[in-house]
Amino acid sequence: MNRSFPLLSLISILFALAACGEDRTGEYNALTSADRWIDEILEKYYLWNDNLGKVTEADYFKNPNDYLALRVYAGALDGKGDHFSYIEWKDTVNTRININRLSGYGFEFEVLTDPLGTTSHIMARVLYVMPHSPASEAGVERGDWITAVGGKTLTVNNYSDLINGDATTFVRVVMKYAEENVQVWSPRDTLAIGPSRFVELNPFYLDSVYTLDNRKIAYMVYNEFSTGPRDLAGDTEYEKQMLQLFTRFKAATPDAFILDLRYNSGGFLSCAQQLGSLLVPSSALGKTFCTLKYNETGNMKDETISFDPQYASANLNLSKLYLLTSTYTASASEAVINCLKPYFGEDHIVVLGETTFGKPVGMQAYEDDKHHFIVWPVTAYILNSEGKADYTNGIGPNYELNERKIVTPLYPLGDTREYLLKNALSLITTGQISDTETTHADSRSKVLQTSLNRRKKPALILR
């Protein structure tokens with residue numbers, strides 16, 4: 001849909017033809033129909049359809065991406081603006097799925113400025129490694145610091161080479177203490193890694209039940225609200241896996257549950273409903289999970305989605321829930337936290353980690369056969385049973401813990417010494433968090449990119 005003709009030239013040609021007395025309405029309609037169709041969708045379904053950005057006649061000649069950017073509400077979400085509505089080209093959907101879900105080295109990472117503040121270099125920090133992946137086979141570990149890929153120093157322009165590609169090498173460094181206890185980077189090794197390949201992004205990264213002080217504590221790392229290996233609507237594979245997993249949890253009769261959502265940026269609302277139905281006190285089954293509040297002038301009626309009683313057999317009937325979060329915890333993850341609060345009470349939803357992203361809205365896809373793109377506008381607020389979705393600026397933790405400040409090796413997820421898990425276990429067993437880490441990154445260190453963006457849900461995908 002990108003047009004190569006200059007905008008002013010197109011308009012000039014049309015006016016010139018009109019001046020010659022020739023009716024060129026058909027050509028005009030063809031050139032502007034895509035953007036006018038976007039208008040139709042926004043006027044009917046867009047959550048803030050009464051605050052659409054103003055456009056001129058000439059703007060209808062812009063490509064759909066640029067046109068949509070003009071129309072979305074800049075003052076949405078307490079002035080943060082609508083950065084979520086977007087255009088997806090139909091001929092790139094399969095490519096996106098292949099790149100994001102079917103080819104990779106099999107690990108997630110952040111790209112940061114030097115966390116010691118000693119150099120101008122940037123580095124990648126490994127967040128976690130998928131099992132049975134090229135990365136795990138090469139020996140990549142959670143917490144690794146990578147400074148070069150394929151013999152080239154890491155930059156914001158080539159960091160995607162860490163995601164997928166041919167066989168390559170990663171250069172790893174480690175923090176050590178020099179004279180006078182000064183922190184410095186020291187070479188560690190160079191890893192050879194095989195070519196990227198299919199690595200299933202199974203959202204159930206880890207589950208375990210710990211017995212501490214005669215208490216059973218269940219723990220689950222859940223990294224995406226996805227439906228199956230290709231994450232397509234209608235898939236049920238992961239729904240079945242979640243039910244099997246919670247059936248095992250229930251058989252273990254845990255006294256407490258820790259849900260790790262720190263790397264979960266959202267997904268399908270149906271998955272969020274299922275998870276909530278398994279975690280909520282059993283007396284809430286059949287009651288309101290969330291309400292989708294649409295605009296007041298379109299043809300969409302507010303919709304209530306309930307906790308599903310079909311999951312009663314695996315419901316844990318918890319009285320308190322502990323959650324681990326980060327700045328990547330977004331959308332459906334936040335909806336689960338927000339929608340469980342009325343049934344647990346504020347004091348029984350305990351959040352450890354960082355303030356979440358802040359995404360209290362959902363989206364819906366619209367397409368037709370005439371146009372080669374799909375429009376994903378924000379269409380609804382996701383409200384809990386009390387009518388609240390007051391986390392535009394994120395959900396703040398009860399206990400602020402930031403693993404990003406730790407430059408010493410990170411323990412694997414699930415290891416009871418791992419920073420966030422260790423503190424959650426301590427809080428459950430002793431009533432207070434344990435000792436904090438002593439080796440921290442420079443406070444000026446910034447996250448520049450993250451591999452999580454490639455599979456990040458722009459907003460909650462509605463049914």
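Residues numbered from 1 in each chain as written. Predicted model: local features only at pLDDT ≥ 70, side-chain atom pairs only at ≥ 80, totals over all residues. Heavy atoms only, no water.

Caption draft 1: A look at helix 7 (residues 269-279). Of all eleven residues that make up helix 7, ten are buried, and the element is covered over most of its length. Where helix 7 is concerned, the buried positions are Leu269, Cys271, Ala272, Gln273, Gln274, Leu275, Gly276, Ser277, Leu278 and Leu279. (Buried < 20%, exposed > 50% of the residue type's maximum accessible area, 1.4 Å probe, protein only. Helix = DSSP H or I, 4+ residues; strand = E, 2+ residues; numbered from the N terminus.)

Caption draft 2: Focus on the environment of Met242. Topologically, Met242 is positioned in helix 6 (residues 237-251). For Met242, the residues in contact, after removing those within four places along its chain, are Phe204, Tyr222, Cys271, Gln274, Leu275 and Leu278. (Contact = heavy atoms within 4.5 Å.)

Caption draft 3: Representation of the packing of helix 2 (residues 25-45) against helix 3 (residues 64-71). Where helix 2 meets helix 3, the closest approach of the two axes is 10 Å, and the angle between their N-to-C directions is 35 degrees. Judged by the sense of rotation from one axis to the other, the crossing of helix 2 with helix 3 is right-handed. Residues Ala34, Asp35, Ile38, Asp39, Leu42 and Glu43 of helix 2 touch helix 3, and the partners they reach there are Pro64, Tyr67, Leu68 and Arg71. (Axes fitted to C-alpha atoms, helices over the stretch in contact; angles between N-to-C directions. Left-handed = near helix turned anticlockwise from the far one by under 90°.)

Caption draft 4: Representation of the packing of aromatic side chains. Applying the stated criterion across every chain yields a total of 25 aromatic pairs. Ring geometry for Phe107 and Phe109: centres 5.4 Å apart, planes at 40 degrees, overall tilted. There is no split in this pair, since Phe107 and Phe109 are both buried. Between the aromatic rings of Phe307 and Tyr343, the centroid separation amounts to 5.2 Å while the plane-to-plane angle is 85 degrees, which identifies the pairing as edge-to-face. One end of the pair, Phe307, is in the loop between strand 12 (303-306) and strand 13 (321-325); the other, Tyr343, is in helix 8 (residues 332-344), with 36 residues separating them in the sequence. The class for Tyr343 is partly exposed, based on a relative accessible area of 22%. Each residue in the set Tyr105, Phe107, Phe109, Tyr159 and Phe170 is aromatic and connected to the rest through ring pairs, giving one cluster. (Phe/Tyr/Trp six-rings, centres within 6.5 Å; stacked < 30°, edge-to-face > 60°.)

Caption draft 5: Structural view of the layout of surface pockets. Counted as a void, the second largest pocket has a volume near 280 Å³. If you go around the second largest pocket, you meet 18 residues; those closest to its centre are Glu141, Arg142, Gly143, Asp144 and Leu410. Mapped by element, the contributors of at least two residues to the lining of the second largest pocket are strand 3 (122-129) and strand 6 (168-177). Broken down by element, the residue count for the lining of the second largest pocket peaks at three residues, all from strand 6. (1 Å grid on protein atoms, 1.4 Å probe; cavity = no way out; pocket = protein on both sides within 12 Å on 5 of 7 lines; lining within 4 Å. Points joined across faces, edges and corners; volume = space filled by probe spheres on them.)

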